[in-house]
Amino acid sequence: MTVDSYGTIRGPELSNSLAFKLQFRQLAPANELLDGPPLAGYYTSHPALDCDGTSVFWRDGKLLAVDAEMTLHELFAMDDSRNIMGRTLLLDGGRVALSLDSEIVVFQTQLGALAGGPWPCGDANLLGNPVLS
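Please read these numbers as outputs of a predicted model, since none were measured by experiment. (Residues numbered from 1 in each chain as written. Predicted model: local features only at pLDDT ≥ 70, side-chain atom pairs only at ≥ 80, totals over all residues. Heavy atoms only, no water.)

Participant: Is there a simple way to think about the sheet that holds strand β11 (residues 103-108) in this case?
Facilitator: Across the sheet, three strands lie side by side as β9-β10-β11; this open sheet has antiparallel pairing. The strands lining the two open edges of the sheet, one partner per strand, are β9 (85-90) and β11. Within the sheet, the average angular offset between the axes of one strand and its neighbour, ignoring direction, is 15°. Note: β9 against strand β10 (residues 95-100), four bridges, orientation antiparallel. Looking at β10, one finds that T88 is bridged to L98. (Pairing = 2+ DSSP bridges. Helix = DSSP H or I, 4+ residues; strand = E, 2+ residues; numbered from the N terminus. Axes fitted to C-alpha atoms, helices over the stretch in contact; angles between N-to-C directions.)

Participant: Which parts of the structure should I look at to understand the packing of aromatic side chains?
Facilitator: Each aromatic ring pair is summarised here by two numbers: the centre-to-centre distance and the angle between the ring planes. Tallying each qualifying case throughout the model produces three aromatic pairs. Where F24 meets F57, the ring centres are 6.0 Å apart and the plane angle is 10°; that geometry is what we call stacked. Taken together, the residues F24 in strand β3 (residues 22-27) and F57 in strand β6 (residues 55-59) connect sequence positions 33 residues apart. The class for F57 is buried, based on a relative accessible area of 0%. (Phe/Tyr/Trp six-rings, centres within 6.5 Å; stacked < 30°, edge-to-face > 60°. Buried < 20%, exposed > 50% of the residue type's maximum accessible area, 1.4 Å probe, protein only.)

Participant: Quick question: what am I supposed to make of the layout of surface pockets here?
Facilitator: Here the idea is plain: a probe the size of a water molecule rolls over the atoms and shows the empty space left. Each pocket or cavity is described by its volume, and for the largest pocket that value is around 230 Å³. For the largest pocket, the lining is made up of 14 residues, of which M1, R10, G11, P12 and L14 are closest to its centre. Elements represented by at least two residues in the lining of the largest pocket include exactly β2 (9-12) and β3. Among the elements that make up the lining of the largest pocket, the one with the highest residue count is β2 (four residues). Taken together, the residues that form the lining of the largest pocket break down as seven nonpolar, five polar and two charged. (1 Å grid on protein atoms, 1.4 Å probe; cavity = no way out; pocket = protein on both sides within 12 Å on 5 of 7 lines; lining within 4 Å. Points joined across faces, edges and corners; volume = space filled by probe spheres on them. Nonpolar A, V, L, I, M, F, W, Y, C, P; charged D, E, K, R; others polar.)

Participant: Just checking my understanding: could you explain the environment of L111 for this structure?
Facilitator: Tracing the backbone through its elements, the reader meets L111 in the segment after β11. The class for L111 is buried, based on a relative accessible area of 13%. Residues L111 and V56, 55 residues apart in the sequence, show an inter-C-alpha distance of 8.8 Å. With sequence-adjacent residues up to four places away left out, L111 is seen in contact with D50, T54, V56, L75, L90, G94 and V96. (Contact = heavy atoms within 4.5 Å.)

Participant: Sorry if this is basic, but what is going on with the sheet that holds strand β4 (residues 33-39) here?
Facilitator: Across a sheet, paired strands are connected by hydrogen bonds in the backbone, their directions being either parallel or antiparallel. With antiparallel pairing, four strands are arranged side by side in an open sheet as β1-β2-β3-β4. A single partner strand is all that each edge strand has here, and the edge strands are β1 (2-3) and β4. Judged from the five bridges that link them, β3 and β4 form a sheet pairing that is antiparallel. Of the residues in β4, the one forming a bridge with L22 is L39.

Participant: What should I look at first to understand unusual backbone geometry in this one?
Facilitator: Note: most residues except glycine have negative phi, and most peptide bonds are trans. In the Ramachandran plot, M70 falls in the positive-phi region, its phi being about 70° despite a non-glycine side chain. Of note, M70 is situated in the loop between β7 (62-66) and β8 (72-77). Given a relative accessible area of 16%, M70 falls into the buried group. Positive phi is not limited to glycine here, since D101 has a value of about 55°. Secondary-structure assignment places D101 in the loop between β10 and β11. The exposure class assigned to D101 is partly exposed, which follows from its relative accessible area of 36%.

And the structure:
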């Protein structure tokens with residue numbers, strides 16, 4: 001999950017069972033879950049959050065982005081069955097880097113800079129959350 005500068009908690013649902021229909025979700029202020037787009041597949045990287053409220057992550061062979069309005073965008077897709085993923089990093093210039101098994105894959109996107117919120121998974125969480133300046 002990610003937490004933006006307003007305290008909004010968002011992220012892809014994870015489950016150890018494909019029997020459930022998983023979605024991207026947001027926790028509303030009244031502690032209710034808001035439904036986002038449905039998510040296919042199972043293996044998911046940890047998301048990163050840009051300054052415009054777009055979450056980006058790898059899932060089921062696709063680089064996905066869910067914007068602040070909870071609209072799903074497929075940024076890249078390939079036939080890929082690797083199931084060991086790490087964190088998703090959002091770098092300068094809209095570059096997205098992530099690890100798939102033993103490889104680092106970098107994509108050029110139109111995403112904004114990494115969010116300045118307390119928990120956008122900055123620097124692959126090397127310093128621990130929350131990320132504070």
